[in-house]
Each structure stands twice: as structure tokens, then as C-alpha cells.
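# Working through the structure, step by step
Chain by chain, the residues run as shown.
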Amino acid sequence: MSNENESTNPPLSFRSRADWLSGFLRADRIRLDTLVQLVAGWGDDDTRDAVIAALDELAHVVQSPRSEGVLDAAAEAVEDVARMDYAQVPIDKNAALRLSAELATVTEHLTRFGPARKATVPTQQDRRAS
């Protein structure tokens, strides 16, 4: 069991943890886009103070004991004042097929001691039979 990512595109990939007890989705582009959007908000003179205040509040929340939802709310406040977009990565057909195969491997590892509990999508033939 290797912990190395054997994907042809490691920056956007699925892999199993070395012990096969969990998997990982790696999406480096999201981190890059997040930092660029944050800095763009920070660089805008009209929003700089609000971004800094929101980041200070987020730092306080991270360093303190907190109740459920407080961290999410502080992170969302940063996203709002910096006018950040959704964390998403566009994929084409080839990437979708590659990611699907990688996820299937992770799923196989995670379900190796029991039946795979995958929801199946009925085919047109299945629908006609019912």
C-alpha cells in the first residue's frame, strides 16, 4: 500500500490513505484561487480594513475554544468581505473520467471488508421492467 499519489495529475486527484481507512481529494487549484481572491480583496483600498478585521476575528476564533458553527461563520465573514467566489475547480471530460476511476479505487479500498453500498442509477431497461 503506497501513500504516494499515482495520479497522472496529482494536483487534482483522489487517493487512498496508506492504511486504506480513508481517502483524500487533492485540489490544489482551490487553495491558489482562494489566496489570489483573498489578496485581491485585501488589495482593494475600499475593503482592506474590513478584510483585515475579518481575518483578525478568524485568527481569534481559531486560537480559542469555540462552539459549533463559529469557525464556519468567521471563515464565511472573510469570504464575504473579500468578495471571494465559490471554491470550485472546472473539469473537462478527460479529468472527469480520470477522477471517476481514481475515486472508484478509493471506494474499493474503503469498502473492502463489506459490500459496497453504492446507490445505483436505474437504466432505461430497469425502468421498463418495473
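Residues numbered from 1 in each chain as written. Predicted model: local features only at pLDDT ≥ 70, side-chain atom pairs only at ≥ 80, totals over all residues. Heavy atoms only, no water.

## Topic: the layout of surface pockets
Rolling a probe over the atoms, with the probe sized like a water molecule, indicates the empty space that remains. Within this model, the largest pocket holds a volume of roughly 300 Å³. For the largest pocket, the lining is made up of 16 residues, of which Thr 34, Glu 79, Met 84, Asp 85 and Ala 87 are closest to its centre. Of all the secondary structure elements, the ones that give two or more residues to the lining of the largest pocket are helix H1 (28–43), helix H2 (48–62) and helix H3 (70–81). (1 Å grid on protein atoms, 1.4 Å probe; cavity = no way out; pocket = protein on both sides within 12 Å on 5 of 7 lines; lining within 4 Å. Points joined across faces, edges and corners; volume = space filled by probe spheres on them. Helix = DSSP H or I, 4+ residues; strand = E, 2+ residues; numbered from the N terminus.)

## Here's the deal with the pairing of strand E1 (residues 12–16)
Pairing of E1 with strand E2 (residues 23–27), which is carried by 5 bridges, proceeds in the antiparallel orientation. Within the sheet, the bridge partner assigned to Leu 12 lies in E2 and is Ala 27. Linking two consecutive strands that pair antiparallel, namely E1 and E2, is a turn of 6 residues; a positive phi of about 65° is found at Trp 20 within it. (Pairing = 2+ DSSP bridges.)

## Concerning the pattern of salt bridges
Counting across every chain of the model gives 7 salt bridges. In this structure, Asp 19 and Arg 17 form a salt bridge, with 2.6 Å as the shortest nitrogen-oxygen distance. In this structure, Arg 29 and Asp 33 form a salt bridge, with 2.8 Å as the shortest nitrogen-oxygen distance. On the criterion of helical spacing, the pair formed by Arg 29 and Asp 33 is a turn pair, its members being 4 residues apart in helix H1. Residue Arg 29 is classed as partly exposed on the basis of its relative accessible area of 48%. Here Asp 33 falls in the partly exposed class, since its relative accessible area comes to 22%. Bridged by salt links that share partners, the residues Arg 26, Asp 28 and Arg 31 form one connected network. (Salt bridge = Lys/Arg side-chain N within 4 Å of Asp/Glu carboxyl O. Buried < 20%, exposed > 50% of the residue type's maximum accessible area, 1.4 Å probe, protein only.)

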